[in-house]
Amino acid sequence: MHQDAKKKAVAEAALTYVKPDTIVGVGTGSTVNFFIDALATMKDRITGAVSSSEASTERLKSHGIEVFELNEVDRLDVYIDGADEVTEHKHMIKGGGAALTREKIVAAVADSFICIVDDTKQVPVLGKFPLPVEVIPMARSYVARELVKLGGDPVYRQGVITDNGNVILDVHNLDILNPREMEATINNLAGVVTNGIFSLRGADVVLCASGNEIKTFT
């Protein structure tokens, strides 16, 4: 199965986790775009969505799905999002699309986090995909020096400003053997908004398109 066909298949499979008359948390990225398109087929059965990025908000609205601000919502039944890497323990690296902070916030509010990926995103250890770190602009050089001390090679993502007005450092060559510890350590650096390790709040379920089937990891 072609990769786009896998993304479409796993996105459609995630619809089974969407309950009627609820507000759905929606992530960001190419696989999520397929989910948004699929969600449009049942838009009359849901209340609306909360989005983790301006790009997803625009796509949701283009389908006629009402988008709520997260501050208007006290809980979400489910959050659907992709990942750049995911392990068998359901720990992830996210942020290739620079929406990692809002993704973490929406995931924190949701009762259940469903991660949708194709099998190219499954890894034994996080870190082959460069780890995105969202940084307040004035702290970029300081945070980069601290990331070097942690064993990484940070690269400034030129020309990218997040929806929050910050910059991204992509950290190469990190073998993230203890994701929870590394996530907390990087988040504690002054000037870091958050980083793309999702382990303190990992996925509850991973749906993975592999071959011609959808595998479920719980």
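Structure: above.
Note that this is a predicted model, so its numbers are computed, not measured.

Draft legend 1. Quick peek at the nonpolar core. Of all hydrophobic cores here, the largest spans 25 residues; its most connected members are Val24, Val26, Phe35, Leu39, Ile80 and Ile116. Where this core is concerned, the elements lending two or more residues are helix H1 (3-13), strand S1 (23-26), helix H2 (30-39), strand S4 (76-81), strand S7 (110-118) and strand S13 (205-210). A per-element tally of this core places H2 first, with five residues. In this structure, Val24 is in contact with Val18, Phe35, Ile46, Gly48, Ala49, Val50, Val78 and Ile80, ignoring residues within four places of it in sequence.

Draft legend 2. Molecular detail of the packing of H1 against H2. Put simply, H1 and H2 touch, their axes get as near as 8 Å, and they point 50° apart. What the angle tells us is that H1 and H2 run oblique. Taken as a pair, H1 and H2 cross one another with a handedness that is right-handed. In this structure, H1 uses Asp4, Lys7, Lys8, Val10, Ala11 and Glu12 to contact H2, whose residues at the interface are Ser30, Thr31, Phe34, Phe35 and Ala38. The class makeup of the residues in the contact of H1 with H2 is five nonpolar, two polar and four charged.

Draft legend 3. Structural view of the packing of aromatic side chains. This structure, assessed with the given rule, holds one aromatic pair. Look at Tyr79 and Phe113: their rings are 5.0 Å apart centre to centre, the planes differ by 55°, and that puts the pair in the tilted class. Here Phe113 lies in strand S7 and Tyr79 lies in strand S4, a separation of 34 residues in the sequence. Pair check on accessibility: Tyr79 and Phe113 agree, each one buried. Across from the ring centre of Phe198, 5.4 Å away, lies the NZ or CZ of Lys94, which sits over that ring.

Draft legend 4. Structural context of the sheet that holds strand S9 (residues 153-156). What the four strands build is an open sheet, ordered S9-S10-S8-S11; its pairing is antiparallel. The open sheet has two free edges, formed respectively by S9 and strand S11 (192-195), since each of these has just one partner strand. Taking the axes of each pair of neighbouring strands and ignoring which way they run, one obtains an average angle of 30° across the sheet. Sheet strands touched by helix H4 (residues 100-109): strand S8 (131-135), strand S10 (167-172) and S11. Its angle to S11, the strand with the most contacts, is close to 70°. Contacts from helix H5 (residues 140-149) reach S8, S9, S10 and S11 within the one sheet, and its direction differs from that of S10 by about 15°.

Rules and cut-offs
Residues numbered from 1 in each chain as written. Predicted model: local features only at pLDDT ≥ 70, side-chain atom pairs only at ≥ 80, totals over all residues. Heavy atoms only, no water. Core = buried A, V, L, I, M, F, W, Y, C linked by side-chain atoms within 4.5 Å. Buried < 20%, exposed > 50% of the residue type's maximum accessible area, 1.4 Å probe, protein only. Helix = DSSP H or I, 4+ residues; strand = E, 2+ residues; numbered from the N terminus. Contact = heavy atoms within 4.5 Å. Axes fitted to C-alpha atoms, helices over the stretch in contact; angles between N-to-C directions. Parallel < 35°, antiparallel > 145°, perpendicular 65-115°, else oblique. Left-handed = near helix turned anticlockwise from the far one by under 90°. Nonpolar A, V, L, I, M, F, W, Y, C, P; charged D, E, K, R; others polar. Phe/Tyr/Trp six-rings, centres within 6.5 Å; stacked < 30°, edge-to-face > 60°. Lys NZ or Arg CZ within 6 Å of the ring centre and 35° of its normal. Pairing = 2+ DSSP bridges.

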